[in-house]
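Spelled out, the chains give:
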Amino acid sequence: MKDINVRQTNLIIETQILKNAFLFECILNNIDTKRFIKEIEVGINQFDNMNYKTNAQGHMTRWTYFSKDKQLNQALSVCIDHFNLDNYLGKSCLADAWGLKMVEHGYTMPHDHGAAPVSGVLYLNTVKGCYLELPDFKRKIAIEKNKIVFFSGLATHKTSRIIGDKVKYAISFNFKQVKDWNN
């Protein structure tokens, strides 16, 4: 029997497809940040945590830890309605929502969330001198308590390294398209 091998390959075209991208920020009142922080502390100590395993070089809950949380969903809905983000969300749902705790030297490596139409983060405390950096938008966003930042899943983002005894708590999230055949 003969080995199977490649007879011919063709590069038809290689191009960059540009898509519209967005960046919104919203600061809310009355978020129970203390409860979220307590929940993050529980989640980062569970057996299925993602501590230091992802682009977030710090403590992290499992990917879906907060995706069914009623208060998080309510907070995101307030901002979605305020900015009329339904145009960007299309037929999607909150699929991933994970908690983060960053301590000294913790940071997030540059990455994107690919197919997610909308991604973002809710900050649970203010951390002076630490920023969410979005190079595609040429923006640095200050990390402030109760601030929610929404951005296109294709947007590259990272965070600066935590210096000193500061601690940063946040919940990151992704919306994902719902396919008709998933119903």
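Trainee: I tried to follow the sheet that holds strand β4 (residues 92-102) on my own but got confused; where do I start?
Mentor: The strands that make up a sheet are held in pairs by hydrogen bonds between backbone atoms, and each pair lies either parallel or antiparallel. Taken in spatial order, the six strands make up an open sheet running β1-β9-β6-β11-β4-β3, and their pairing is antiparallel. The sheet is open, and its two edges are formed by β1 (23-27) and β3 (59-60), each paired on a single side. Where β1 lies against strand β9 (residues 147-151), five bridges are found, and the strand directions are antiparallel. Following the sheet pairing, I27 is matched in β9 by K147.

Trainee: Where do I start with the packing of aromatic side chains in this structure?
Mentor: Two descriptors summarise a pair of aromatic rings, namely the distance from one centre to the other and the angle between the planes of the rings. All told, the structure shown has nine aromatic pairs when counted by the stated rule. Ring geometry for F22 against Y88: centres 4.0 Å apart, planes inclined by 35°, an arrangement best described as tilted. In this pair, F22 sits in the segment before β1 while Y88 sits in helix α3 (residues 86-89), placing the two residues 66 residues apart along the sequence. According to the relative accessible area criterion, F22 is buried, its value standing at 5%. Overall, Y88 belongs to the partly exposed group, its relative accessible area being 35%. Among the aromatic residues, those joined into a cluster by ring pairs are F22, F24, F83 and Y88. Above the ring of F36, the side-chain terminus of R35 is found at 4.6 Å from the ring centroid. The ring of Y131 has K140 lying over it, and the distance from NZ or CZ to the ring centre is 5.7 Å.

Trainee: Whenever I open this one, the pairing of β9 confuses me. Can you help?
Mentor: Two faces make up the sheet, and in a regular strand the side chains alternate between them. β9 sits mainly inside the fold: five of its five residues count as buried. The pairing of strand β6 (residues 118-123) with β9 spans four bridges and is antiparallel. Among the inter-strand pairings, S119 is bridged to a residue of β9, identified as F151.

About the cut-offs
- Residues numbered from 1 in each chain as written.
- Predicted model: local features only at pLDDT ≥ 70, side-chain atom pairs only at ≥ 80, totals over all residues.
- Heavy atoms only, no water.
- Pairing = 2+ DSSP bridges.
- Helix = DSSP H or I, 4+ residues; strand = E, 2+ residues; numbered from the N terminus.
- Phe/Tyr/Trp six-rings, centres within 6.5 Å; stacked < 30°, edge-to-face > 60°.
- Buried < 20%, exposed > 50% of the residue type's maximum accessible area, 1.4 Å probe, protein only.
- Lys NZ or Arg CZ within 6 Å of the ring centre and 35° of its normal.

Taken by themselves, the reported measurements are silent on function.
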